[in-house]
Amino acid sequence: MALNSEFQEFLKGYGSRLTEVMIQVCNSRSMNFKAFLQIDELEEKWKNIAPEYMADAVREFNDYPAVALAWAGYVGMGMAKLWDSDWEQYSSRNDFYPMFVKPRGFDAMDEFIMDELFGLDKDSEDYKSVVRLWQQLADTALTMMRRENIASQSSEAYYLLVVTVEVFYLTGISVALSLMGYKYEKMIVGE
């Protein structure tokens, strides 16, 4: 379905507003983002991940809407961890989503990423803090989605979900990079 230009502009504005709110929520948890940390390679990989992820997200959304959103954030976290650990090994791959889903299934993908990639124990405070963050982000985004008053099960609702999930993926990249100690630093060039 081709989207009319007015709806495309609406989606662009919604994505920008959602990103700003996600940054505010992260900052309320001491992440100090002025903007999300950007890694072009990881943003580009979303094009390969999105179709498979969206198939699962749409299936899960009616019963588990927060999971359908938050798990995209975990995928972003997983991608950031791979980028940090050995991107040369992973950069040519396009099977990232199955890599995250197959070991434990969609429902436990979050646990796989937290346990296996980040090495966090389920009982640790770091693990629990990340889980609380994604719960808060998902609840916030669901409220924003509902406020748009778009008919459920419509093509417009699907595209709203697509934009929301992509923002969660990008949020996940920044959350993971923040957890790993990355941050923007002001550089003075030419001195």
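As a starting point, this report considers the structure included with it. Only a predicted model underlies this, so the values are computations on that prediction, with no experimental measurement involved.

Considerations on the nonpolar core
Move 1: With 66 residues, the main nonpolar core has Y53, M77 and M109 as its most contacted residues.
Move 2: If you list the elements that add at least two residues to this core, you get α1 (5-27), α2 (40-61), α3 (65-90), α4 (96-101), α5 (109-117), α6 (125-147) and α7 (155-179).
Move 3: By residue number, the principal contributor to this core is α3, which donates 13 residues.
Move 4: Non-local contacts of M109, meaning those with residues more than four positions away in its chain, are made with Y53, W71, V75, Y97, F100 and V101.

Topic: the packing of α2 against α3
Move 1: Following both chains from N to C, one finds α2 and α3 inclined at 150 degrees, their axes separated by 10 Å at the closest point. Regarding the angle of α2 to α3, the classification is roughly antiparallel. In the crossing of α2 with α3, the sense of the turn from one axis to the other is right-handed. On the side of α2, the interface is formed by E41, L42, K45, I49, Y53, A57, E60 and F61, while α3 contributes P65, V67, A68, L69, W71, A72, V75, M79, A80, W83 and W87.
Move 2: Among the residues making up the contact of α2 with α3, the classes are represented as 16 nonpolar, no polar and 3 charged.

Here we look at unusual backbone geometry
Move 1: Although it is not a glycine, S30 adopts a positive phi angle of roughly 65 degrees.
Move 2: By secondary structure assignment, the location of S30 is in the loop between α1 and α2.
Move 3: Positive phi values are uncommon outside glycine, yet N149 reaches one of about 55 degrees.

Here's the deal with the side chain of S154
Move 1: Considering the arrangement of structural elements, one finds S154 in the loop between α6 and α7.
Move 2: Residue classification places S154 among the buried positions, given a relative accessible area of 19%.
Move 3: Among the polar contacts made by the side chain of S154, one reaches the main-chain carbonyl oxygen of A151 at a distance of 2.6 Å.
Move 4: Reaching out from S154, the side chain makes a polar contact with the backbone nitrogen of A157 at a distance of 3.1 Å.

Some words on the layout of surface pockets
Move 1: Put simply, the largest pocket is a space of about 460 Å³.
Move 2: Forming the boundary of the largest pocket are 16 residues, of which F61, N62, S152, Q153 and A157 lie nearest the centre.
Move 3: Among the elements of the structure, α2, α6 and α7 are those that each provide at least two residues to the lining of the largest pocket.
Move 4: With 4 residues, α7 is the single largest residue contributor to the lining of the largest pocket.
Move 5: Of the residues in the lining of the largest pocket, the class split is 10 nonpolar, 5 polar and 1 charged.
Move 6: Those elements that place two or more of their residues in the lining of the second largest pocket are α6 and α7.
Move 7: With 4 residues, the single largest contributor to the lining of the second largest pocket is α6.
Move 8: Considering only residue class, the lining of the second largest pocket consists of 8 nonpolar, 1 polar and 3 charged.

Comments concerning the pattern of salt bridges
A side chain with one charge can pair with a side chain of the opposite charge if their charged atoms come near.
Move 1: Tallied over the full model, the rule gives 9 salt bridges.
Move 2: The partner of E44 in a salt bridge is K47, with the nearest N and O atoms 3.2 Å apart. Linking E44 with K47, this pair stays in helix α2, spanning 3 residues, or about one helical turn.
Move 3: A residue is classified by how much of its surface remains accessible, and E44, at 45% relative accessible area, is partly exposed.
Move 4: Its relative accessible area of 58% is what places K47 among the exposed residues.
Move 5: The closest approach of N and O atoms between E111 and K122, which form a salt bridge, is 2.8 Å. Remark: K122 occurs in the loop between α5 and α6 and E111 occurs in helix α5; sequence separation between them is 11 residues.
Move 6: Residue classification places E111 among the partly exposed positions, given a relative accessible area of 24%.

Reading guide: rules and limits
- Residues numbered from 1 in each chain as written.
- Predicted model: local features only at pLDDT ≥ 70, side-chain atom pairs only at ≥ 80, totals over all residues.
- Heavy atoms only, no water.
- Core = buried A, V, L, I, M, F, W, Y, C linked by side-chain atoms within 4.5 Å.
- Buried < 20%, exposed > 50% of the residue type's maximum accessible area, 1.4 Å probe, protein only.
- Helix = DSSP H or I, 4+ residues; strand = E, 2+ residues; numbered from the N terminus.
- Contact = heavy atoms within 4.5 Å.
- Axes fitted to C-alpha atoms, helices over the stretch in contact; angles between N-to-C directions.
- Parallel < 35°, antiparallel > 145°, perpendicular 65-115°, else oblique.
- Left-handed = near helix turned anticlockwise from the far one by under 90°.
- Nonpolar A, V, L, I, M, F, W, Y, C, P; charged D, E, K, R; others polar.
- Polar contact = N/O pair within 3.5 Å; in protein donor to acceptor, adjacent residues only side chain to side chain.
- 1 Å grid on protein atoms, 1.4 Å probe; cavity = no way out; pocket = protein on both sides within 12 Å on 5 of 7 lines; lining within 4 Å.
- Points joined across faces, edges and corners; volume = space filled by probe spheres on them.
- Salt bridge = Lys/Arg side-chain N within 4 Å of Asp/Glu carboxyl O.

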